[in-house]
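Listed below, chain by chain, are the residues.
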Amino acid sequence: MKISVIGCGYLGAVHAAAMAKLGHDVVGVDTDPVKVAKLSAGEAPFHEPGLPELLTEGVRSGRLRFTTDIAQAGDARVHFLAVGTPQLSDSDGADLRFVDGAIDALRPILTPGSLVAGKSTVPVGTAATLAERIAETGAGLAWNPEFLREGFAVADTLTPDRIVYGVTDAAHAELLDEVYRVALDAGTPRITTDLPTAELVKTAANAFLATKISFINAMAEIAEVTGADVTTLADAIGHDARIGRRFLNAGIGFGGGCLPKDIRAFAARAEELGRAESVAFLRQVDAINLRRRERVIDLAVEMLGGSVFQKRIVVLGLTFKPDSDDVRDSPALDIAAQLHGLGAEVVATDPYGIENSRSRHPQLDYLEDVDDALRGAELAVLVTEWGEYRTLDAARTAELMAVPRMIDGRNALDTQAWKAAGFDYRGLGRS
Ligand code: NAD
């Protein structure tokens, strides 16, 4: 099927490449010419495992191309909308200007019988408004939220754990069934519903995940004042199948281009709907999450004798999670910037996140080599659990550092091994 993907960022580029892999004829449209040039050459404009291979294969096959010219998407039967919906700069609500811009650009090329399928995460009620705006073209509108995880985006797109469509017409669901035929034939559950439910499914999923993380981080706060160990607690409650162990890792909390802005946008939308109290807990979820960053700063000050001023601190990790170069709302980068703001001599390192971090925080010192970064540091702060930091040798790290001190912001290291190597080791919520 001829398909277009409007917006080729973390979501759209993977979606476009995956659709080509499934045999569709795909044109990806983005307003950023640098991104389009890279994608057209089969190169990923960001770090995502497996994406370069998928892009190269798609571009070589002739089934995948990228352009800044939306007119080239005119013959597509389904237009996937994958533009960003960041937080507004002056409030918690979602900034829908990219969605509106994409719809304005699409309108002149939409034809009767074609379908716009929204994948961006939007406040509930947005899809119905967009459907009205394109009604006169004869094209339909569906909402098809995306659940991919950065770092696993290729697998999540090719073999999703569920597919959700919000539709107003059964024919639109049939068209999407054609797009997702391979996954559906493999038994992927498909839920067909109305537009507001489809929008809310995504918002609710992210709200739930954020709540689960903040729940265990709240337990970490209690553990810290009682001498309890949050990791053991998580293991113990996680054995209950109703609770489950996943997303129960206490640490510096969540970040990235989705969870923080999505829970804030949800709370803001609930207020508009007169139901602020229904999701008022999300304000607490956000507050708990941000407090974990402060906890790391407080620990650093305490471990360094009351001040971090002019102390060399190595920050291990900058991205919001491993296997991504995404530093949007990253707690790791925020902690590095806060320590620098307090006068510490921060040296930050990350396998893939330095370039994106430097453009946001040029004041920080960045070193690519982990040994160089560790050398002479009086404190190490592990804030993104990349494999190379999880497997650091404690004794060797102690030799490189001026003083062996470690804040394990992800509870990713073996406490006993690091203590045995002479480290003043602190995890979060750990006895
Ligand atoms: P992103 O910022 O990486 O990508 C958005 C892209 O849209 C950019 O490349 C931008 O240049 C492009 N764009 C903006 N206006 C355009 C227009 N008018 N025409 C064409 N292109 C345009 O964002 P992202 O992380 O890919 O997220 C996109 C949406 O998907 C958001 O709503 C996000 O919440 C949602 N989402 C993201 C993920 C994720 O893991 N990143 C997962 C699920 C859902």
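Residues numbered from 1 in each chain as written. Predicted model: local features only at pLDDT ≥ 70, side-chain atom pairs only at ≥ 80, totals over all residues. Heavy atoms only, no water.

**Student:** Lay out helix α3 (residues 51-61) in plain terms, naming residues and giving numbers.
**Tutor:** Of the positions making up α3, those classed as buried are Leu 51, Leu 54, Leu 55 and Gly 58. Buried residues along α3 cover an arc of 95 degrees about the axis, so they all sit on one side. Every exposed residue of α3 that faces more than 90 degrees away from the buried side is listed here: Glu 53 and Arg 60. Each element contacted by the buried residues of α3 is listed here: α1 (12-21), α2 (33-40), β3 (64-67) and α6 (153-158). (Buried < 20%, exposed > 50% of the residue type's maximum accessible area, 1.4 Å probe, protein only. Helix = DSSP H or I, 4+ residues; strand = E, 2+ residues; numbered from the N terminus. Arc of directions from axis to C-beta. Contact = heavy atoms within 4.5 Å.)

**Student:** With reference to specific residues and values, describe the pattern of salt bridges.
**Tutor:** All told, the structure shown has 35 salt bridges when counted by the stated rule. With a shortest N-O distance of 2.4 Å, Arg 283 and Asp 92 are connected by a salt bridge. You can see Arg 283 sitting in helix α12 (residues 281-303) and its partner Asp 92 sitting in the loop between β4 (78-81) and α4 (97-106), a full 191 residues away along the chain. For Arg 293, the salt bridge identified is with Asp 334, shortest N-O distance 2.9 Å. (Salt bridge = Lys/Arg side-chain N within 4 Å of Asp/Glu carboxyl O.)

**Student:** Before we move on, could you go through the packing of aromatic side chains and cite the residues and values that matter?
**Tutor:** Any pair of aromatic rings gets described here by the distance separating the centres and the angle formed by the planes. If you walk through the whole model with that rule in mind, you get five aromatic pairs. Geometry around Phe 152 places Arg 149 over its ring, the cationic atom sitting 4.4 Å from the centre. (Phe/Tyr/Trp six-rings, centres within 6.5 Å; stacked < 30°, edge-to-face > 60°. Lys NZ or Arg CZ within 6 Å of the ring centre and 35° of its normal.)

**Student:** Residue-level account of the site of the ligand, with values.
**Tutor:** Contacts to the ligand come from 26 residues, most closely from Leu 11, Asp 30, Lys 35, Thr 85 and Lys 261. Within the backbone of Leu 11, a nitrogen or oxygen atom sits 2.8 Å from an oxygen atom of the ligand. Within the side chain of Thr 85, one N or O atom sits 2.5 Å away from an oxygen atom of the ligand. Compared with its free state, where it exposes 830 Å², the ligand has 89% of that area covered by protein. Top element by residues in the shell around the ligand is α4. It accounts for three residues. For the shell around the ligand, the per-class residue count stands at eleven nonpolar, eight polar and seven charged. Mapping the shell around the ligand onto the domain boundaries places at least three of its residues in each of domain 1 (2-192) and domain 2 (194-431). (Near = heavy atom within 4 Å. Polar contact = N/O pair within 3.5 Å; in protein donor to acceptor, adjacent residues only side chain to side chain. Areas by Shrake-Rupley, 256 points an atom, 1.4 Å probe, with all protein chains shown as cover. Nonpolar A, V, L, I, M, F, W, Y, C, P; charged D, E, K, R; others polar. Domains from an automatic or database assignment.)

**Student:** An account of the nonpolar core is requested, with residue identities and associated values reported.
**Tutor:** Within the largest apolar cluster, 42 residues are counted, with the highest numbers of intra-cluster contacts made by Val 78, Phe 80, Leu 176 and Tyr 180. By residue number, the principal contributor to this core is α1, which donates seven residues. If we ignore the near neighbours within four places in the chain, the residues touching Phe 80 are Ile 3, Ser 4, Val 5, Ile 6, His 15, Ala 117, Lys 119, Asn 144, Leu 176, Val 179 and Tyr 180. (Core = buried A, V, L, I, M, F, W, Y, C linked by side-chain atoms within 4.5 Å.)

**Student:** Mind laying out the sheet that holds strand β11 (residues 365-366), listing which residues take part and the relevant values?
**Tutor:** Pairing is parallel in the open sheet, where six strands are placed in the order β11-β10-β9-β12-β13-β14. Of all strands in the sheet, those with a lone pairing partner are β11 and β14 (424-427), marking the two edges. Both strand β10 (residues 345-349) and β11 contribute to a ladder of two bridges, which runs parallel. Residue Ala 348 lies in a different strand from β11, and its bridge partner there is Tyr 366. (Pairing = 2+ DSSP bridges.)

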